[in-house]
Amino acid sequence: MIEPNGTSAVLRAEFATKLGQERRSEWLAAFAEVPREHYVPNFFQQDGRGKWHEVSAGDPGYLKAVYSDAALTTQLDAHGIPTSSSSEPRLMLTMLDALGAEPSHRLYELGLGTGYNAALASSRLGSDNVVSVDCDPDLVHLAQRRLARGKYHPLVFAGDGAQGCPERAPYDRIIATAGLRCIPPPLLRQVREGAVVVAPVGFGVARVVVSGHEQATGRFLSVPAFFMPRRTPTKGPDFAGLECLNGEATEVPATDVLDRLKFPLSLALPGYRSCTWRDEAGEVTGVGLWTEDGSTATVHVSGRARQTGPKRLWDTVEELASVFPAGTPLREDFGLTVVPEGQRAWYREPGGPSWPLPTA
Ligand SMILES: C[S@@+](CC[C@H](N)C(=O)[O-])C[C@H]1O[C@@H](n2cnc3c(N)ncnc32)[C@H](O)[C@@H]1O
């Protein structure tokens, strides 16, 4: 059962007003206009024990959650891992603002998901100026129906969003709403000079301006961002392969990878995953890291590190700890430069410490 329209309209207006008190933005009218619940008729919420529960229109708290600043998980895979969501509206607004888009601009989105962002973009830029792609055909089908119900008709289709849509190029603006390891090179071949690209790279959001053929540079926004990764096949961790190793002593606290080095690590080891082990009191006792080639490391809080596989993951953490010996480096002090030969993330200035990003 859908809650009465009045309730949705009131909550939506209140939410848009609240966003407007925090910042001025050309996008607030779109947030006030587009009903988020049309795009998120149900979502999944995790209880204290990690079990997922579905919350649907009409359930207690449904509309309140829809008009809160929550990311709402809308799809889980067979293992209960989230594969699609509607991102936090405040983060969406920050990313849309960072585009600096004007109503005549043509926008390409990687990651259609629920279609809510495509609806906001269609509302402000006009449906004809919006193209959005998702790798999941079922999501595309649902989003297309929802968009049409809202009288929005952007071009949406199923495919690998990293390939773009050359038929509608050149684009003035590009936004990605799935986690990336670099700015996809095919997208950089489908933009005008001066185009702005806003994309989650690692655990941050990069904003770069295109200055020529496959050339762009810019900085990361100050906001943290943990987007679900662009879907690619990956190997799992090889914890069994570590059992026979004694390990080596390390001075770097295991928990550094969970907090202060988390963002630089996402640039130095693109696509890495992590897990923790905890004692009965909930304190972290160990941290595991792995990358898609099967490289794996574990570190015990006592200061013993074990690593196996083609890449020595803990060595990378130790290198980062020597670049950032104390404190948490700010995201906005990092930048990203694209040239035809490749892409690099850097700290403070393009000539500072830097990490190549994989573009293959
Ligand atoms: C955070 S959700 C996107 C949210 C969306 N913009 C919205 O407003 O609901 C990320 C989406 O990226 C999609 N995705 C992941 N890998 C992709 C790829 N290679 N190409 C296109 N879409 C992809 C996922 O299926 C998921 O729906």
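In short, a report on the structure.

**Thoughts on the nonpolar core**
Right, so step 1: In this structure, Y108, I183, L289, W314 and L336 are the most contacted members of the largest nonpolar core, which totals 54 residues.
Right, so step 2: No fewer than three residues from each of domain 1 (5-220) and domain 2 (240-323) sit in this core.
Right, so step 3: In this structure, F31, L72, L91 and A98 belong to the second largest nonpolar core, which totals 48 residues.

**Considering the state of the cysteines**
Right, so step 1: A complete count under the given rule lists 0 disulfides for this structure.
Right, so step 2: The closest cysteine sulfur to the non-disulfide-bonded C165 is located on C135, 16 Å from its own sulfur.
Right, so step 3: Given the relative accessible area of 4%, C165 is considered buried.
Right, so step 4: Here C182 is not disulfide-linked; the sulfur of C135 is the nearest cysteine sulfur, at 16 Å.

**Some details on the sheet that holds strand 19 (residues 354-357)**
Right, so step 1: Reading across the sheet, the 10 strands line up as 7-6-5-8-9-10-11-17-18-19 and stay open at both edges, with mixed pairing between neighbours. This sheet does not close on itself; its edge strands, each paired only once, are strand 7 (155-158) and strand 19. Between one strand axis and the next, the sheet turns through 15° on average, direction left out of account.
Right, so step 2: Sheet topology places strand 18 (residues 342-347) next to strand 19; 4 bridges connect them, and they run antiparallel. Across the sheet, residue A345 finds its bridge partner in strand 19, namely W355.

**Describing the pattern of salt bridges**
Right, so step 1: Taken as a whole, this structure holds 10 salt bridges when the rule is applied.
Right, so step 2: Here R90 makes a salt bridge to E22, at a shortest N to O gap of 2.7 Å. With R90 in helix 5 (residues 89-99) and E22 in helix 1 (residues 5-22), the pair connects residues that are 68 residues apart, well separated along the chain.
Right, so step 3: For E22, a relative accessible area of 43% translates into the label partly exposed.
Right, so step 4: Linking R181 and E292 is a salt bridge whose minimum nitrogen-to-oxygen distance equals 2.9 Å. Pair noted here: R181 is in the loop between strand 8 (171-176) and helix 8 (185-188) and E292 is in the loop between strand 14 (284-290) and strand 15 (296-300), with a separation of 111 residues, a long-range link.

**Focus: the packing of aromatic side chains**
Right, so step 1: Applying the stated rule across the entire model yields 15 aromatic pairs.
Right, so step 2: Both rings, one in F31 and one in Y116, keep their centres 6.3 Å apart while their planes meet at 90°; by these two values the pair is edge-to-face. Of this pair, F31 sits in helix 2 (residues 28-33) while Y116 sits in helix 6 (residues 116-125), and the two are 85 residues apart along the sequence. Across the pair, exposure class does not vary: F31 and Y116 are buried alike.
Right, so step 3: Where F334 meets Y347, the ring centres are 4.9 Å apart and the plane angle is 50°; that geometry is what we call tilted. Pair noted here: F334 is in strand 17 (residues 334-339) and Y347 is in strand 18, with a separation of 13 residues, a long-range link.
Right, so step 4: Looking at Y347, the relative accessible area reads 10%, which means it is buried.
Right, so step 5: A connected cluster of aromatic rings, assembled from ring pairs, spans F220, F263, F324, F334, Y347 and W355.
Right, so step 6: In this arrangement the basic side chain of R124 is found over the ring face of W27, its NZ or CZ atom lying 5.0 Å from the centre.
Right, so step 7: Cation over ring: K262 sits above F203, and NZ or CZ is 5.2 Å from the ring centre.

**Quick look at the sheet that holds strand 15**
Right, so step 1: Pairing in this open sheet of 5 strands is antiparallel, and the strands run 12-16-15-14-13 from one edge to the other. In the strand order of this sheet, the two ends are held by strand 12 (248-249) and strand 13 (273-278), each with one partner.
Right, so step 2: Across 5 bridges, strand 15 lies against strand 16 (residues 304-308) in antiparallel orientation. In the sheet register, A297 faces strand 16, and the bridge partner there is Q307.

What counts as what
- Residues numbered from 1 in each chain as written.
- Predicted model: local features only at pLDDT ≥ 70, side-chain atom pairs only at ≥ 80, totals over all residues.
- Heavy atoms only, no water.
- Core = buried A, V, L, I, M, F, W, Y, C linked by side-chain atoms within 4.5 Å.
- Buried < 20%, exposed > 50% of the residue type's maximum accessible area, 1.4 Å probe, protein only.
- Domains from an automatic or database assignment.
- Disulfide = S-S within 2.5 Å.
- Pairing = 2+ DSSP bridges.
- Helix = DSSP H or I, 4+ residues; strand = E, 2+ residues; numbered from the N terminus.
- Axes fitted to C-alpha atoms, helices over the stretch in contact; angles between N-to-C directions.
- Salt bridge = Lys/Arg side-chain N within 4 Å of Asp/Glu carboxyl O.
- Phe/Tyr/Trp six-rings, centres within 6.5 Å; stacked < 30°, edge-to-face > 60°.
- Lys NZ or Arg CZ within 6 Å of the ring centre and 35° of its normal.

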